[in-house]
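Fold and geometry: a report
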Amino acid sequence: MATTTAVVPVAGLATRLRPLSLGVPKGLLPVAGRPVIRHIVDELAACGVERVVLVTGGGGDGFEAQFADTRSPEIVYAEQPQPLGLGDAILRAAPHVEADSFAIALGDALLGRGAPARVLERLGQAVREGASAAVAVEEVALEATSRYGIVVPAGGGSDGRDPFPIAGVVEKPAPEAAPSRLAIAGRYVATPALLDALREVGPGAGGEIQLADALAALDGVVGVRLRPGEERLDVGNVPGYCAAFVEYALSDSELGPALRARARALLDGQR
């Protein structure tokens, strides 16, 4: 069975995006004429997802208006009244997850630069082949490991095999302590065993329920590398958001030509 349900947490405080995010959830910030959340839902739908569970901070936070006229996929809502961690957000969506597997797409990660990424399909295949959870990863610079969850490859996991076994996840390690340079890229597919693990691990760092802790408690977790064209753009901070806007706008068939001409003129004037 294909993975047809996805959970998208969008209730975070987005402190790294302030003042942009004051009064506007980061999922509704525009990227090349469409809000972040529409790009993510388009990616999910292209990979066969039929139901998206948006976990908001309450009352939909304005997301309902974005999907009032959507026909594919179905959008349902769950509430996370307090920011108690990514794991807590996923548990809030649990009543809407009725499948052998479900996807998780983080609301501050865009993949594909305008062309829907297909990594979700490969993650789902890994779970159908027996993994309890599959995590999308990308290689980052060593100095960037302190910004991401970094996976601990098991055995020969760093030898280029795909998927490869994962022994655990270390949240934002210092470069000298990083177990690898493979960072979680904001896409997962898991069995309901992940929900059980989230319930069992309870609050961790900062009093929050950490997804990394639940993944570490599971057997059979694998990593799947992003392919060329599926690069992650982090819209959870101001530099990343600005870069994403420019890259998506340049790749847009309507906006791109005029924007490229304008960019060339501005760059020429700075020489």
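Before reading on, note that the structure itself is shown above.
So, a few notes on the structure that sits alongside this text. (Residues numbered from 1 in each chain as written. Predicted model: local features only at pLDDT ≥ 70, side-chain atom pairs only at ≥ 80, totals over all residues. Heavy atoms only, no water.)

Turning next to the packing of aromatic side chains. Inspection of every chain in the model, using the stated rule, returns one aromatic pair. Summarising the aromatic geometry, the rings of Y241 and F245 are spaced 6.5 Å apart at their centres and angled 70° between planes, so their arrangement reads as edge-to-face. Remark: F245 and Y241 occur in helix α7 (residues 238-251); sequence separation between them is four residues, near one turn of the helix. In this structure Y241 comes out as buried when scored by relative accessible area, which is 9%. (Phe/Tyr/Trp six-rings, centres within 6.5 Å; stacked < 30°, edge-to-face > 60°. Helix = DSSP H or I, 4+ residues; strand = E, 2+ residues; numbered from the N terminus. Buried < 20%, exposed > 50% of the residue type's maximum accessible area, 1.4 Å probe, protein only.)

Turning to the packing of helix α3 (residues 86-93) against helix α5 (residues 193-201), a few remarks are in order. Close contact between α3 and α5 brings their axes to 10 Å; oriented N to C, the two are set at 125°. Of the possible angle classes, the one that applies to α3 and α5 is oblique. With respect to the hand of their crossing, α3 and α5 are arranged in left-handed fashion. Of the residues in α5, those in contact with G87, I90 and L91 of α3 are L195, L198 and R199. The class makeup of the residues in the contact of α3 with α5 is four nonpolar, one polar and one charged. (Axes fitted to C-alpha atoms, helices over the stretch in contact; angles between N-to-C directions. Parallel < 35°, antiparallel > 145°, perpendicular 65-115°, else oblique. Left-handed = near helix turned anticlockwise from the far one by under 90°. Contact = heavy atoms within 4.5 Å. Nonpolar A, V, L, I, M, F, W, Y, C, P; charged D, E, K, R; others polar.)

Inspection of the secondary structure assignment puts K26 in the loop between β1 (5-9) and β2 (30-31). The exposure class of K26 is buried, given its relative accessible area of 16%. Only 3.5 Å separates the side chain of K26 from the side chain of D108, close enough to count as a polar contact. For K26, the residues in contact, after removing those within four places along its chain, are A14, L17, V36 and D108. (Polar contact = N/O pair within 3.5 Å; in protein donor to acceptor, adjacent residues only side chain to side chain.)

By themselves these figures say nothing about function.
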